[in-house]
Amino acid sequence: MRKSGFGQFTAVLAKVSPTATTDLVHPALGAVFGGPLDVRRRVVGNGVKNQYYRYELFGPRFRLEIALPEVLKDRLRVGQSALVRIRGNRVMLWKRIISRFENWLRSKQ
């Protein structure tokens, strides 16, 4: 978050949503309300009395929750953007194939 003056920091990935969605987590994130995400308006409900508008993302996205460092929790605001790099164990396709094949062989013994 260098552009915001917070520099670079490390945080813990606390949760990843199991499915992607077009739901807008908070209205402040939508471009029509000054946020960074492009959204479209969609009519919800049927009939004139039950109809209302909802803003949604153009394409589905996964929601990530990050446990922020204590020093930043009170300084960050809703809608601030950040470049996030998620690092973890590197998974090689050929290693996964060999592992699955070995497990299959073991199950046949």
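In the block above lies the structure referred to throughout.
A brief look at the structure comes next. Given the structure is predicted, the values throughout are model-derived calculations rather than measurements.

**Remarks on the environment of Phe9**
- Tracing the chain through its elements places Phe9 in the segment before strand S1 (12–16).
- In this structure Phe9 comes out as partly exposed when scored by relative accessible area, which is 29%.
- In sequence terms Phe9 and Gly59 are 50 residues apart; their C-alpha atoms lie 29 Å from each other.

**Digging into the pattern of salt bridges**
- Per the stated rule, a full pass over the model turns up 4 salt bridges.
- Here Glu65 ties to Arg63 by a salt bridge, and the two come within 3.9 Å at their closest N and O atoms.
- Using a relative accessible area of 33% as the deciding quantity, one classes Glu65 as partly exposed.

**Quick look at the sheet that holds strand S3 (residues 39–44)**
- Spatially, S2-S4-S3 is the arrangement adopted by the 3 strands of the open sheet, whose pairing is antiparallel. Of all strands in the sheet, those bounded by a partner on one side alone are strand S2 (21–23) and S3. Geometrically, the sheet is characterised by an average inter-axis angle of 40° between neighbouring strands, direction not taken into account.
- The sheet contact formed by S3 and strand S4 (residues 52–61) spans 6 bridges and is antiparallel. Counterpart to Val43 in the pairing with S4 is Tyr53.

**A closer look at a nonpolar patch on the surface**
- A contiguous nonpolar patch, built from Leu13, Val16, Phe62, Leu64, Ile66, Val84 and Ile86 and spanning about 610 Å² of accessible area, is present on the exposed surface.
- Only S1 and strand S5 (64–67) provide two or more residues apiece to the nonpolar patch.
- Among the structural elements, Val84 can be located in the loop between helix H1 (70–73) and helix H2 (93–108).
- Relative accessible area serves as the criterion here: at 45%, Val84 is assigned to the partly exposed category.

**Some words on the side chain of Glu56**
- Secondary-structure assignment places Glu56 in strand S4.
- Of the polar contacts made by the side chain of Glu56, one reaches the side chain of Arg42; its length is 3.2 Å.
- Filtering out sequence-adjacent residues up to four positions away, Glu56 remains in contact with Thr22, Asp38, Val39, Arg40 and Arg42.

**Focus: the packing of aromatic side chains**
- This structure, assessed with the given rule, holds 2 aromatic pairs.
- Between Phe33 and Tyr55, the aromatic rings sit 5.3 Å apart at their centres with planes inclined by 80°, giving edge-to-face as the arrangement. With Phe33 in the loop between S2 and S3 and Tyr55 in strand S4, the pair connects residues that are 22 residues apart, well separated along the chain.
- Taken together, a centroid distance of 5.9 Å and an interplanar angle of 25° make the contact between Phe101 and Trp104 stacked. Note that Phe101 and Trp104 are positioned in helix H2 at a spacing of 3 residues, about one turn of the helix.

The rules behind the values
Residues numbered from 1 in each chain as written. Predicted model: local features only at pLDDT ≥ 70, side-chain atom pairs only at ≥ 80, totals over all residues. Heavy atoms only, no water. Helix = DSSP H or I, 4+ residues; strand = E, 2+ residues; numbered from the N terminus. Buried < 20%, exposed > 50% of the residue type's maximum accessible area, 1.4 Å probe, protein only. Salt bridge = Lys/Arg side-chain N within 4 Å of Asp/Glu carboxyl O. Pairing = 2+ DSSP bridges. Axes fitted to C-alpha atoms, helices over the stretch in contact; angles between N-to-C directions. Patch = residues over 30% accessible without salt bridge, like charges linked within 9 Å, V, L, I, M, F, W, Y side chains within 5 Å. Areas by Shrake-Rupley, 256 points an atom, 1.4 Å probe, with all protein chains shown as cover. Polar contact = N/O pair within 3.5 Å; in protein donor to acceptor, adjacent residues only side chain to side chain. Contact = heavy atoms within 4.5 Å. Phe/Tyr/Trp six-rings, centres within 6.5 Å; stacked < 30°, edge-to-face > 60°.

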